[in-house]
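# Tertiary structure, described
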Amino acid sequence: MAAAIEIESLDKSFTLHLRGGTELRVLSGLSLTVERGECLALQGASGAGKSTILRCIYGNYRPDRGHLCVRAGDEAVDVAEAAPREILRLRRSTLGYVSQFLRVVPRVPVIELVMERAQESGAEEDVARARAAAILERLRIPRTLWGLPPATFSGGEQQRINVARGLVAEQPILLLDEPTAALDYENRKAVVDLVREAKVRGATVIGVFHDREVRDAVADRVLVLDKAEAA
């Protein structure tokens, strides 16, 4: 059985135009394989490239060199070379992503923001609504808030909505960038339970978990990244 994600000799750098064009190497020659149903935790100092790896897999960043193959059904798609429309297709069918920040269209109610992710992956409206309601309840978002936009919510509430949007579609690959940041014990536990259930369904998870208890609870192995140097 082919791996869910295969990365080979991946390089990624950024040019700092406000610092005289200095090139900052973030990833250099990265190779790794993540199997189906496995949770890989990324660990390392700030700037070591943890979030950059997730964003490269999701197609937000284009690598400088290397290959980044994602298993989508019976095919493997090299995200490093994929066209934008192919990356969008992957996001609808295969890749779930929880970023560090909630970025959504203003004034859209929470229930609809969560529903739309399930609908994008092919769920009918009633199924999407039921999934959205179930995950919002598990993440302790009160029903009285479901009809409101999240802009005025607390940081912890916004992060829980972020988690709900990333997991509601039950996609086969999940990219989690500090999903429990700003959450209390009960809500961290709810996220841990959701990630464990995703793994039982066969989902592959790559995540950044700064909370050691969360990392130990969900990760099958840990990859420690070294910080690259500027050129």
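Another aspect to go through is the sheet that holds strand β2 (residues 22-34). Spatial strand order, β2-β1-β4-β5: four strands in an open sheet with antiparallel pairing. Each having just a single partner strand, β2 and β5 (75-78) make up the two edges of the open sheet. Averaged over all adjacent pairs, the angle separating strand axes in this sheet is 30°, with direction ignored. Of the strands in this sheet, β1 (5-16), β2 and β4 (65-72) touch helix α1 (residues 50-58), which is tilted by about 110° from β1. Across the face of the sheet, helix α2 (residues 84-93) comes into contact with β4 and β5 while running at roughly 125° to β5.

Pairing geometry for β1 and β2, over nine bridges, is antiparallel. Across the sheet, the residue bridging to Ile5 is Val34, located in β2.

Moving on: helix α5 (residues 155-167). In this model, α5 (13 residues) spans 19 Å end to end at C-alpha, consistent with the 18 Å of a helix rising 1.5 Å per residue. Taken across its 13 residues, α5 has 11 buried, putting it largely inside the fold. Within α5 the residues assigned to the buried category are Gly156, Glu157, Gln159, Arg160, Ile161, Asn162, Val163, Ala164, Arg165, Gly166 and Leu167. Check the buried side of α5 and you find it contacts β6 (95-98), α3 (110-120), α4 (125-138), β7 (173-177) and α6 (185-200).

Time to look at the pairing of β7. Buried residues dominate β7, accounting for five of its five residues. With burial as the criterion, each face of β7 is covered, one bearing Ile173, Leu175 and Asp177 and the other bearing Leu174 and Leu176. Sheet analysis places β6 next to β7, joined by four bridges and oriented parallel. When the sheet's bridge partners are listed, Val98 is paired in β7 with Leu176. Sheet topology note: the β7/strand β8 (residues 204-208) ladder contains five bridges and is parallel. When the bridges of β8 are listed, Leu176 appears paired with Gly207. Crossover β7 to β8 through α6 is right-handed.

Our next topic: the environment of Glu125. Within the secondary structure, Glu125 is located in helix α4. Overall, Glu125 belongs to the partly exposed group, its relative accessible area being 48%. Between the C-alpha atoms of Glu125 and Arg89, which are 36 residues apart in sequence, the distance is 19 Å. Beyond its immediate sequence surroundings of up to four residues, Glu125 is in contact with Met115 and Gln119.

Basis of the calculations
- Along each chain, numbering runs from 1 in the same order as the chain's sequence is written.
- With the structure being a predicted model, the display of local features is reserved for residues of pLDDT at least 70 and the display and counting of side-chain atom pairs for 80 or more, all residues being used for whole-chain, interface and lining totals.
- To get the side-chain values, take all heavy atoms of the structure and skip hydrogens and water.
- By definition, two strands form a pair when at least two bridges between them are found by DSSP.
- A run of H or I in DSSP becomes a helix once it reaches four residues, and a run of E becomes a strand once it reaches two; helices and strands are each numbered from the N terminus.
- Angles shown run from 0 to 180 degrees and are taken between the N-to-C directions of axes, each axis being a line fitted to C-alpha atoms and, for helices, limited to the stretch in contact.
- Here a residue-residue contact requires only that any non-hydrogen atoms of the pair lie within 4.5 Å.
- A helix is expected to span 1.5 Å for every residue after the first.
- For each residue, the accessible area found with a 1.4 Å probe, counting protein chains only, is set against the maximum for its type, and the residue is called buried under 20%, exposed over 50%, and partly exposed in between.
- Seen with the strands pointing away from the viewer, any crossover whose path from the first strand over the helix to the second strand runs clockwise is right-handed.

Honestly, it's all geometry; don't read function into it.
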